[in-house]
Amino acid sequence: MHWPLTDRLFSLDRPAVMGIVNVTPDSFSDGGHFATTEAAVSHALRLVDDGADLLDIGGESTRPNAAFVPEAEEIRRVLPVVKALVNRVAVPLSIDTSKAEVARRCLAAGAHIVNDVTALTGDPRMMEVCAASKAGIVLMHMRGTPATMHIDPRYDDVVGEIGRYLEERLHALTSQGIAADRVVLDPGIGFGKTLEHNLEILARIPELRRMGRPICLGVSRKGFIGTITGRPRNDRAFGSVAAVGPAVWQGAAHILRVHDVAATRDAVLMWSALAPHSPSPREGDP
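Summary of the structure given here. Each residue is numbered by its place in its chain's sequence as written, counting from 1. Where totals are concerned, whole chains, interfaces and linings use all residues; where local detail is concerned, this predicted model gives features only for residues with pLDDT of at least 70, and gives and counts side-chain atom pairs only at 80 or more. As a rule here, side-chain values come from all non-hydrogen atoms in the structure, and water together with hydrogens is ignored.

## Notes on the side chain of Thr264
Stated precisely, the cut-off is as follows: Numbered from the N terminus, helices here are DSSP runs of H or I no shorter than four residues, and strands are runs of E no shorter than two. Only protein chains enter the calculation, and the probe is 1.4 Å; a residue is then buried if its accessible area is under 20% of its type maximum, exposed if over 50%, and partly exposed in between. Here a residue-residue contact requires only that any non-hydrogen atoms of the pair lie within 4.5 Å.
Residue position: Thr264 is located in helix α9 (residues 261-274). Look at Thr264 and you get buried, because its relative accessible area is 5%. Residues contacting Thr264, with those up to four places away along its chain left out, are Val17, Val241, Leu256 and Val258.

## Quick word on empty space enclosed by the protein
This is how it is decided: Cavities and pockets were defined on a 1 Å grid built over protein atoms only: a cavity is a set of grid points that admits a 1.4 Å probe from which the probe cannot escape, a pocket is an open set flanked by protein on both sides within 12 Å along at least five of seven lines, and lining residues are those with an atom within 4 Å of any such point. Grid points are joined across faces, edges and corners, and a volume is the space filled by probe spheres set on the points. Residues are grouped as follows: Ala, Val, Leu, Ile, Met, Phe, Trp, Tyr, Cys and Pro are nonpolar; Asp, Glu, Lys and Arg are charged; every other residue, Gly included, is polar.
One pass over the structure, following the stated rule, counts 1 cavity of 30 Å³ or more. Taken as a whole, the largest cavity encloses approximately 90 Å³ of empty space. If you trace the largest cavity, you find 13 residues lining it, with Ser220, Ser240, Val241, Val258 and Thr264 closest to the centre. Residues belonging to the lining of the largest cavity are distributed by class as follows: 8 nonpolar, 3 polar and 2 charged.

## Considerations on helix α2 (residues 71-85)
The criterion, for reference: What a helix is expected to span follows from its residue count: subtract one and scale by 1.5 Å. Two axes enter the definition of the bend at a residue: one is fitted to the seven residues ending there, the other to the seven starting there, and the bend is the angle between them.
When the terminal C-alpha atoms of α2 are compared, their 21 Å separation across 15 residues agrees well with the 21 Å that a helix rising 1.5 Å per residue should span. When the local axis directions of α2 are compared, the greatest deviation, roughly 25 degrees, occurs at Val78, which is followed within four positions by the proline Pro80. Those residues of α2 not exposed but buried are Glu74, Ile75, Arg77, Val78, Leu79, Val81, Val82 and Leu85. Buried residues in α2 make contact with α1 (37-50), β4 (54-58), β5 (93-96) and α3 (100-109).

## Some remarks on the side chain of Arg236
Just so we agree on the cut-off: Note that His is not counted, nor are the chain ends; the positive residues are Lys and Arg, and the negative ones are Asp and Glu. Throughout this description, the term salt bridge denotes a Lys or Arg side-chain nitrogen within 4 Å of a carboxyl oxygen of Asp or Glu. Polar contact is defined as a pair of N or O atoms within 3.5 Å, subject to the rule that within protein one atom must be able to donate a hydrogen and the other to accept it, and that residues adjacent in sequence are counted only when both atoms are side-chain atoms.
Secondary-structure assignment places Arg236 in the loop between α7 (223-229) and α8 (237-249). Buried and without a salt bridge, Arg236 has Asp235 as its closest oppositely charged side chain, separated by 8.3 Å. Within polar-contact distance, the side chain of Arg236 engages the backbone oxygen of Arg231 at 2.9 Å. In contact with Arg236, not counting residues within four places along its chain, are Arg221, Lys222, Gly223, Ile225, Gly226 and Arg231.

Okay, structure coming up:
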């Protein structure tokens, strides 16, 4: 499987590790650690050295109750990082934003992917920006907004409802001339979901493959892992890797968005080496 980006075909023959670069003062796990351009670029280079296959650069926290970041401030945070990295790393750069002008400026500077937690619904101009580019697109499911998503989230069938929403969004993009093969789908673990919802989604990830698009999972260091393991945010690497293992093993996870790149990379390489020798059927097998 390949994902067409602006200037390349990106292989998804094994799960790709997407390293998180938060250029923010308030992200839930590492807010403030890499809030300057210099710190963010240094961190990104370390993630590539650790084995990141992609980098996801964001300038606005989407943690619960996060403050809104004005467009100009978000551009000030992320654009210099994209410009500094585009000629220094070979891996594709993703811009994690729901603002069209942020996406447009970063794509013009050399970014390859738009990762939008609102699935291109947060800014009426975002569809036009993406349609005018050849960028890859990640569409994520979120119930409500970061300010409201944890106010009593309820579903009759959490996986079925996520699947229908993402299918509707995929159709909306293709109806505007955006090729389906440019799109990756993200069920939005932790975004308007309870502990039980998150566990059910992870157990039933193969059901989302019916749309024929790759799946991105972002579970890294999230609260439900802390609830289960009792570990603080910066000590959840093992739990984060374990959480995505079943989906990877079933061939149903293609991009893993993570803070702990080295640990995830090693796990992916081991899973990929073991998979051909497994007697268990993988997703899609008879």
